[in-house]
Amino acid sequence: MSNTQKKLLLQVENLSIGFTQYVKGTEQRVIRPISDLQVDIHEGEIVAVVGASGSGKSLLAHAVLGILPGNAICEGEIRYRGETMTDERKAKLRGREISFIPQSVNYLDPLMTVGKQVQIGLDKNEATRVQQALFQQYGLKKSDGKLYPHELSGGMLRRVLFATSVRKGVRLVIADEPTPGIHPALLAEILKQLEQFAKEGAGVMLITHDLMSALEIADRVAVIRDGRTIEISDAEAFEGKGERLKNEYTQRLWRALPQNDFDLEFQGKGGLT
Ligand SMILES: Nc1ncnc2c1ncn2[C@@H]1O[C@H](COP(=O)(O)OP(=O)(O)OP(=O)(O)O)[C@@H](O)[C@H]1O
Ligand SMILES: [Mg+2]
């Protein structure tokens, strides 16, 4: 289905995020890591958000979710299902209609067993059963549910994080680097699950450094550089030598991949890793 037929789910326009910082005790200054970000996601669409480390991808996710730190100044427009997002609305939707797979496993509660954490937000009557089914699906043992985060490896914690996002009634999934350093089989499973969310009509924002994996499932790709959206292109435009890509930076990003010319010099200077 083309985007013109699909309903817009999330619209981020002219997003700007700054932080007030104190220098020399009392002097204030504002740094602005995000200055002009745009991205939109339709129902049933997967949009990959790619960009180098520090380009502002996690801040974008946190702005949509309403979990920016208190000293952040957030401007611009975020609309969800046609309506402006207020802080109250974000808090209401977070963990329910809008699910989040955070980049860091530190988002897990260190004082709660991982089984209990996956049960949060599930229907009481079926919470244990659904949680155990999710554990099985993502290669965790039943007994792992009784463990606390510090007792699990990094890879296992990423599986737990992913399991917390699978909920009935989810309309938007924001996955912030869900796949770093994980086993290829689990990578395939996670991509399949994200595709499944989209098939069921949810929109998916897939933030990643792994452009090749993202292209396997993404409909469009938004490229972020220094807090700005420099390109939004259909995933199909990432082919050949990248002639159909609009921005030179994106073309270089594409050509720097090992499958293409493998421009090592660019990998070091501005590439995704
Ligand atoms: N609380 C904060 N106070 C000040 N600056 C911040 C804060 N959080 C993030 N930044 C800055 O904003 C920029 C974007 O950060 P962000 O975490 O969104 O990057 P990212 O694209 O997610 O990077 P990565 O790929 O490494 O996860 C960085 O330069 C970072 O230092
Ligand atoms: Mg990040």
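See the structure shown above.
Before going into details, it helps to say that this report is about the structure given with it. Because the structure is a prediction, the values reported are computed rather than measured.

Another aspect to go through is the overall build of the protein chain. Scanning the protein chain for helices and strands turns up nine helices and 10 strands. Its C-alpha atoms give the protein chain a radius of gyration of 19 Å, near enough to 19 Å, the size a compact globule of 273 residues would have. Projected onto its principal axes, the C-alpha coordinates of the protein chain cover approximately 50 × 50 × 40 Å. In the protein chain, buried positions account for 50% of the 273 residues. The long-range fraction of contacts in the protein chain, counting pairs at least 24 apart against all pairs at least 6 apart in sequence, stands at 64%. In the structure as shown, the protein chain presents an accessible area of about 13,700 Å², 49% of it carried by carbon and sulfur atoms.

Near ligand 1, the surroundings consist of 15 residues, among which Ser53, Gly54, Lys57, Leu59 and Gln103 are the closest. Backbone polar atom of Gly54 to an oxygen atom of ligand 1: 2.8 Å apart, as the coordinates give it. Within the complex, the protein chains bury 67% of what would otherwise be the 640 Å² of accessible surface of ligand 1. With three residues, the single largest contributor to the shell around ligand 1 is helix α1 (residues 57-65).

Turning our eyes to something else, we now look at the layout of surface pockets. The space that makes up the largest pocket amounts to roughly 810 Å³. Every residue lining the largest pocket is counted, 29 residues in all, and those nearest its centre are Gly95, Gln117, Ile120, Thr164 and Arg167. Broken down by secondary-structure element, the contributors of at least two residues to the lining of the largest pocket are β6 (98-101), α4 (127-137) and α5 (154-165). With five residues, the top contributor of residues to the lining of the largest pocket is α4. When its residues are assigned to classes, the lining of the largest pocket shows 14 nonpolar, seven polar and eight charged.

Turning our eyes to something else, we now look at the coordination of the magnesium ion (ligand 2). Here the magnesium ion (ligand 2) is held by Ser58 (OG) and Gln103 (OE1), and the distances to it run 2.1 to 2.2 Å. On the criterion of sequence distance, the pair formed by Ser58 in helix α1 and Gln103 in the loop between β6 and α3 (114-119) is long-range, its members being 45 residues apart. The partly exposed category is assigned to Gln103, whose relative accessible area is 36%.

Moving on, we come to the pattern of salt bridges. In total, this model carries 10 salt bridges according to the counting rule given. In this structure, Lys192 engages Glu189 in a salt bridge whose closest nitrogen and oxygen atoms are separated by 3.8 Å. Within this pair, Lys192 and its partner Glu189 are both found in helix α6 (residues 184-199), separated by three residues, close to a single helical turn. Put simply, Glu13, Glu77 and Arg79 are held in one network by salt bridges that share partners.

Here we come to the side chain of Thr208. Locating Thr208 in the fold gives a position in strand β8 (residues 203-208). In this structure the side chain of Thr208 is engaged in a polar contact, spanning 2.8 Å, whose partner is the backbone nitrogen of Asp210. With residues up to four places along the chain from it excluded, the contact list for Thr208 reads Val49, Val50, Gly51, Glu177, Thr179 and Ala214.

Next up on the list: the nonpolar core. Ranked by internal contacts, the top residues of the largest apolar core, which has 51 residues, are Val160, Phe162, Leu194, Phe197, Val204, Leu211 and Val221. Contacts of Val204, omitting those with residues within four sequence positions, involve Ile41, Glu45, Ile46, Val47, Val173, Leu194, Phe197 and Ala198.

What follows is about α4. Within the span of α4, buried status applies to Ala127, Val130, Gln131, Leu134 and Phe135. Along the axis of α4, the buried residues cluster in a sector spanning 140°; they form a single face. Exposed side chains of α4 directed beyond 90 degrees from the buried face belong to Arg129 and Gln136. Its buried side turned inward, α4 meets α3 and α5. Downstream of α4 by a residue or two, Gly139 has a phi angle that is positive, lying close to 70°.

What follows covers α6. Across its 16 residues, α6 extends 22 Å between first and last C-alpha, which sits within 8% of the 22 Å expected from 1.5 Å per residue. At its buried positions, α6 is contacted by β3 (46-50), α4, α5, β7 (172-176), β8 and α7 (211-217). Residue Gly201 follows α6 closely and has a positive phi angle near 105°.

Further remarks concern the side chain of Gln119. Counting through the fold element by element, Gln119 comes out in helix α3. The residues touching Gln119, leaving out its near neighbours within four places in the chain, are Ala127, Thr128, Gln131 and Arg167.

Here is what the cut-offs are and how they apply
- For every chain, the first residue of the written sequence is number 1, and numbering continues from 1 onward in sequence order.
- Labels are handed out in written order, letters beginning with A for the chains and numbers beginning with 1 for the ligands.
- Two thresholds apply to this predicted model, a pLDDT of at least 70 for residue-level local features and 80 or more for giving and counting side-chain atom pairs, whereas whole-chain, interface and lining totals are computed over all residues.
- Where side-chain values are given, they derive from all heavy atoms of the structure, hydrogens and water being excluded.
- Secondary structure elements are defined from DSSP: runs of H or I of at least 4 residues count as helices, runs of E of at least 2 residues count as strands, and each element is numbered from the N terminus.
- Restricting the calculation to C-alpha atoms gives the radius of gyration, and the globule rule supplies 2.2 Å times the number of residues raised to the power 0.38.
- For the exposure calls, accessible area comes from a 1.4 Å probe over protein chains only, and a residue counts as buried if that area is under 20% of its type's maximum, exposed if over 50%, partly exposed in between.
- Whether two residues are in contact is decided by their heavy atoms: any pair within 4.5 Å suffices.
- For accessible areas, the Shrake-Rupley method is used with a probe of radius 1.4 Å. Any residue's cover is judged against the shown protein chains and nothing else.
- Working definition: residue near molecule or strand if any one of its non-hydrogen atoms lies within 4 Å of it.
- What qualifies as a polar contact is a pair of N or O atoms within 3.5 Å, subject to a donor-acceptor requirement within protein and to the restriction that residues adjacent in sequence count only when both atoms come from side chains.
- Site definitions follow a grid-based scheme: protein atoms alone, a 1 Å grid, a 1.4 Å probe that fits but cannot get out for cavities, and for pockets an open set with protein on both sides within 12 Å along at least five of seven lines, plus lining residues having an atom within 4 Å of a point.
- Grid points are joined across faces, edges and corners, and a volume is the space filled by probe spheres set on the points.
- Throughout, the ten residues Ala, Val, Leu, Ile, Met, Phe, Trp, Tyr, Cys and Pro are labelled nonpolar, Asp, Glu, Lys and Arg are labelled charged, and all others, Gly among them, are labelled polar.
- Atoms of type N, O and S within 2.8 Å of a metal are treated as its donors, and for Na, K and Ca the window is 3.2 Å; water is not considered, so some sites may appear to be missing partners.
- By definition here, a salt bridge exists when the distance from a side-chain nitrogen of Lys or Arg to a carboxyl oxygen of Asp or Glu is within 4 Å.
- Remark: nonpolar core denotes a set of buried residues (Ala, Val, Leu, Ile, Met, Phe, Trp, Tyr, Cys) joined through side-chain atoms within 4.5 Å.
- By arc we mean the arc of the directions from the helix axis to the C-beta atoms, nothing more.
- The span one expects for a helix is its residue count, reduced by one, times 1.5 Å.

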